[in-house]
Amino acid sequence: QVHLVESGGGLLQAGGSLRLSCAASGRALGSYNMGWFRQAPGKEREFVAGIQWIDGSTVYADSVKGRFTVSRDNAKNTMYLQMNGLKPEDTAVYYCAAAPPGGTLDTRPRFYDYWGQGTQVTVSS
């Protein structure tokens, strides 16, 4: 069992930066494929970024490439999402999620077993 808690969301103007954190308890994050997802009102939950357990390789949605950076600190059992150059269309609830290791990082939500409660990010124009 993995318990995930996100933090770091907030309200800011376009062009600003935020760093989200995802703190885990129960199991070591280093043995899980991890992902960040977001969901805006009236839209489906979408993949934002992920990090693979076996080698730390990362995957990004095209909409955030070059602006967002996902990382993890195994010693702190925490994953991060550094978000720069934020745009109004980045406004959403951001969730972190953990999927069991053993394969290629998947971008589909149904492959993730554990989810945090979400943190709101609101970007004004």
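The rules behind each value
- Residues numbered from 1 in each chain as written.
- Predicted model: local features only at pLDDT ≥ 70, side-chain atom pairs only at ≥ 80, totals over all residues.
- Heavy atoms only, no water.
- Helix = DSSP H or I, 4+ residues; strand = E, 2+ residues; numbered from the N terminus.
- Contact = heavy atoms within 4.5 Å.
- Pairing = 2+ DSSP bridges.
- Axes fitted to C-alpha atoms, helices over the stretch in contact; angles between N-to-C directions.
- Salt bridge = Lys/Arg side-chain N within 4 Å of Asp/Glu carboxyl O.
- Buried < 20%, exposed > 50% of the residue type's maximum accessible area, 1.4 Å probe, protein only.

Participant: How should I be thinking about the side chain of Asn77 in this particular structure?
Facilitator: By the secondary structure assignment, Asn77 is in the loop between strand S7 (68-73) and strand S8 (78-83). The residues contacting Asn77, other than those within four sequence positions of it, are Cys22, Ala23, Ala24, Ser25, Arg27, Ala28 and Leu29.

Participant: Teacher, can you tell me more about the side chain of Ser21 here?
Facilitator: Along the chain, Ser21 falls in strand S3 (residues 18-25). With sequence-adjacent residues up to four places away left out, Ser21 is seen in contact with Val5, Glu6, Ser7, Trp36, Thr78, Met79 and Tyr80.

Participant: Would you mind going over the sheet that holds S3 with me for this structure?
Facilitator: Across a sheet, strands are paired by hydrogen bonds formed along the backbone, either parallel or antiparallel in direction. Read across the open sheet, the four strands follow the order S1-S3-S8-S7; overall the sheet is antiparallel. Two strands lie at the open edges of the sheet, namely strand S1 (3-7) and S7, each paired on one side alone. Within this sheet the neighbouring strands show an average axis-to-axis angle of 15°, counted without direction.

Participant: Sorry, what's going on with the pattern of salt bridges here?
Facilitator: Pairs can form between side chains of opposite charge once their charged atoms are near each other. Counted under the stated rule, the structure contains five salt bridges. Between Arg67 and Asp90 there is a salt bridge; the shortest N-O distance is 2.7 Å. With a gap of 23 residues between them, Arg67 in the loop between strand S6 (58-60) and S7 and Asp90 in the loop between S8 and strand S9 (92-99) connect regions that are remote in the sequence. A residue is classified by how much of its surface remains accessible, and Arg67, at 13% relative accessible area, is buried. Looking at Asp90, the relative accessible area reads 1%, which means it is buried. Among the salt bridges present, the one from Asp106 reaches Arg108, with a minimum N-O distance of 2.9 Å. Classification of Asp106 as buried rests on a relative accessible area of 19%. A cluster of three or more residues bridged by salt bridges with shared partners is formed by Arg38, Glu46, Arg67 and Asp90.

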